[in-house]
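The primary structure of each chain is shown beneath.
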Amino acid sequence: MAKNKDNKTEEQILEAAQEVFESKGMDGARMQEIADKASINKAMLHYYYRSKQLLFEAVFKKAFTLLAPQLNAILNDDSSLEDKIKNFTHNHISFILKHPYLPNFIIQELNRNPQFIEKIKTNVAFPNIDKFKEQVKNEVDKGTIKPISAEQLFINIISLNIFPFVASPLIKAFTDADDKTFKTLMEARKKEVSDFIINSIRK
C-alpha cells in the first residue's frame, strides 16, 4: 500500500508541476504553488524533489519519454521516405497538441542551461537519425529527390512542426484565432507540413 501511495503522490506532484510550469514558466513557478496544487505540504514536495530544477527535469522527462520512442521508431522503420515524413509530422504535432507547453519548456531550459539536453540524451531513448540520414542520401543518389542533406531536411521538419506552438500568441493574433480555431489549424497542419516538405524535395 505504501508503494502505491508513494507512486500516486509523485504522479500528483508531476501533474501539478506540469500545470504550473505551463502557465508560469520555469522562472515564474513556485514550489509552494506546486505543493498546494498537488494537495501536499512543501516539505513533502522537497522530499520527492529537492529543487525546482529537478522537478522541472522530471516533468520534461516524463513527457519526452513518451514522445521519443514514437519518433525513434518512425525514423528507423522500413517505410519510404515520404511515408516517414508524413508519419513523423503527424505523430510529432499530435503529441505537441497534447503537451503544448513542451516546445517552450525546451527553449527556455536550453537558454538557461545548455547542458540540459546532454542529461536528456543519456536518460531517455533519444531519437537516432542515422538510418534517416542514410535513406535521404540514397534517395538523393538515385535522383528521386533534390540534393539536400538529411540534417537540413530534419531541421526543416522539426522547425515547421514546432514554430506555431512556440509563437502561438503571435499566430493567434495574426490569424484572429481563438484556442479552438488554433487547435483546428494545428490539426490541419499535420498534412500541410508533410505535403510542403515532400513537394519541396520531390523532383
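Residues numbered from 1 in each chain as written. Predicted model: local features only at pLDDT ≥ 70, side-chain atom pairs only at ≥ 80, totals over all residues. Heavy atoms only, no water.

**Q** What exactly am I supposed to notice about the side chain of Glu139 here?
**A** Assignment of secondary structure puts Glu139 in helix α8 (residues 130-142). You can call Glu139 buried: its relative accessible area is 16%. (Helix = DSSP H or I, 4+ residues; strand = E, 2+ residues; numbered from the N terminus. Buried < 20%, exposed > 50% of the residue type's maximum accessible area, 1.4 Å probe, protein only.)

**Q** What is the right way to look at the UniProt feature "domain: HTH tetR-type" (unreviewed entry) in the protein chain in this model?
**A** In this numbering, the UniProt entry assigns the feature "domain: HTH tetR-type" (unreviewed entry) to residues 7-67. Strand forms 0% of residues 7-67 and helix 85%; the C-alpha atoms that close the span are 22 Å apart. (UniProt positions renumbered as here; feature names shortened; annotations may be inferred.)

**Q** Any chance you could explain the packing of aromatic side chains here in plain terms?
**A** Any two aromatic rings considered together are summarised by their centre-to-centre distance and by the angle between their planes. Summed over all chains, the structure comprises 7 aromatic pairs. Taken together, a centroid distance of 5.6 Å and an interplanar angle of 65° make the contact between Phe88 and Phe154 edge-to-face. Taken as a pair, Phe88 in helix α5 (residues 81-98) and Phe154 in helix α9 (residues 150-166) lie far apart in primary sequence, 66 residues in all. Assessed through its relative accessible area of 4%, Phe88 is described here as buried. By relative accessible area, which is 18% here, Phe154 ends up buried. A connected cluster of aromatic rings, assembled from ring pairs, spans Phe60, Phe64 and Phe126. (Phe/Tyr/Trp six-rings, centres within 6.5 Å; stacked < 30°, edge-to-face > 60°.)

**Q** What exactly am I supposed to notice about the domain arrangement of the protein chain here?
**A** As a measure of interface size, the accessible area lost when the parts come together is often cited. Taken domain by domain, the protein chain consists of domain 1 (1-50) and domain 2 (59-201). One C-alpha centre belongs to domain 1, the other to domain 2, and the line joining them spans 29 Å. Contacts between the two partners involve 10 residues from domain 1 and, on the opposite side, 8 residues from domain 2. Between domain 1 and domain 2 lies a buried interface of about 790 Å² when both sides are counted; carbon and sulfur atoms form 63% of it. When the buried surface of domain 1 facing domain 2 is broken down by residue, Leu14, Gln18 and Met26 rank first, second and third, together holding 53% of it. Applying the counting criterion to the domain 1 and domain 2 interface returns 1 salt bridge. At the boundary of domain 1 and domain 2, one finds 1 residue pair in polar contact (both at pLDDT 80 or more). Its residues placed into classes, the side of domain 1 that touches domain 2 shows 4 nonpolar, 2 polar and 4 charged. (Domains from an automatic or database assignment. Contact = heavy atoms within 4.5 Å. Buried area = accessible area lost by both parts, 1.4 Å probe. Salt bridge = Lys/Arg side-chain N within 4 Å of Asp/Glu carboxyl O. Polar contact = N/O pair within 3.5 Å; in protein donor to acceptor, adjacent residues only side chain to side chain. Nonpolar A, V, L, I, M, F, W, Y, C, P; charged D, E, K, R; others polar.)

**Q** Please explain the environment of Phe116 as it appears in this structure.
**A** Considering the arrangement of structural elements, one finds Phe116 in helix α7 (residues 116-123). In this structure, the C-alpha to C-alpha distance between Phe116 and Ile162, residues 46 residues apart in sequence, is 19 Å. When residues no more than four places from it in sequence are discounted, the contact partners of Phe116 are Gln53, Phe56, Glu57, Phe60 and Glu109.

**Q** Hey, could you run me through the environment of Asn76 in this one?
**A** Within the secondary structure layout, Asn76 lies in the loop between α4 (52-75) and α5. As a C-alpha pair, Asn76 and Leu110 span 34 residues in sequence and 27 Å in three-dimensional space. The contacts of Asn76, once residues within four sequence positions are left out, are Lys84, Asn128 and Lys131. Separated by 3.3 Å, the side chain of Asn76 and the backbone oxygen of Asn128 make a polar contact.

**Q** Is there a simple way to think about the packing of α4 against helix α6 (residues 102-112) in this case?
**A** Helix-helix packing is characterised by the crossing angle of the two axes and by the distance between the axes. It is the contact of α4 with α6, at a shortest axis distance of 11 Å, that shows an interaxial angle of 135°. By the angle between their axes, α4 is oblique relative to α6. Remark: the crossing between α4 and α6 carries left-handed chirality. In contact with Gln53, Phe56, Val59, Phe60 and Ala63 of α4, α6 contributes Leu102, Phe105, Ile106, Glu109 and Arg112. Grouping the amino acids of the contact of α4 with α6 by side-chain chemistry returns 7 nonpolar, 1 polar and 2 charged. (Axes fitted to C-alpha atoms, helices over the stretch in contact; angles between N-to-C directions. Parallel < 35°, antiparallel > 145°, perpendicular 65-115°, else oblique. Left-handed = near helix turned anticlockwise from the far one by under 90°.)

**Q** I'm lost on the pattern of salt bridges in this one. Help?
**A** It is possible for side chains of opposite charge to pair when their charged atoms get near one another. The tally for this structure, following the rule as stated, stands at 12 salt bridges. Between Glu19 and Lys37 there is a salt bridge, and its shortest N-O distance comes to 3.6 Å. A residue pair is termed long-range when its members are at least 10 positions apart, and Glu19 in helix α1 (residues 2-28) and Lys37 in helix α2 (residues 31-37) qualify at 18 residues. Among the salt bridges present, the one from Lys191 reaches Asp195, with a minimum N-O distance of 2.6 Å. Taken together, the residues Lys191 and Asp195, both in helix α11 (residues 179-201) and 4 residues apart, mark about one turn of the helix. In this structure Lys191 comes out as exposed when scored by relative accessible area, which is 56%. Asp195 gets classed as partly exposed once you look at its relative accessible area, which sits at 27%.

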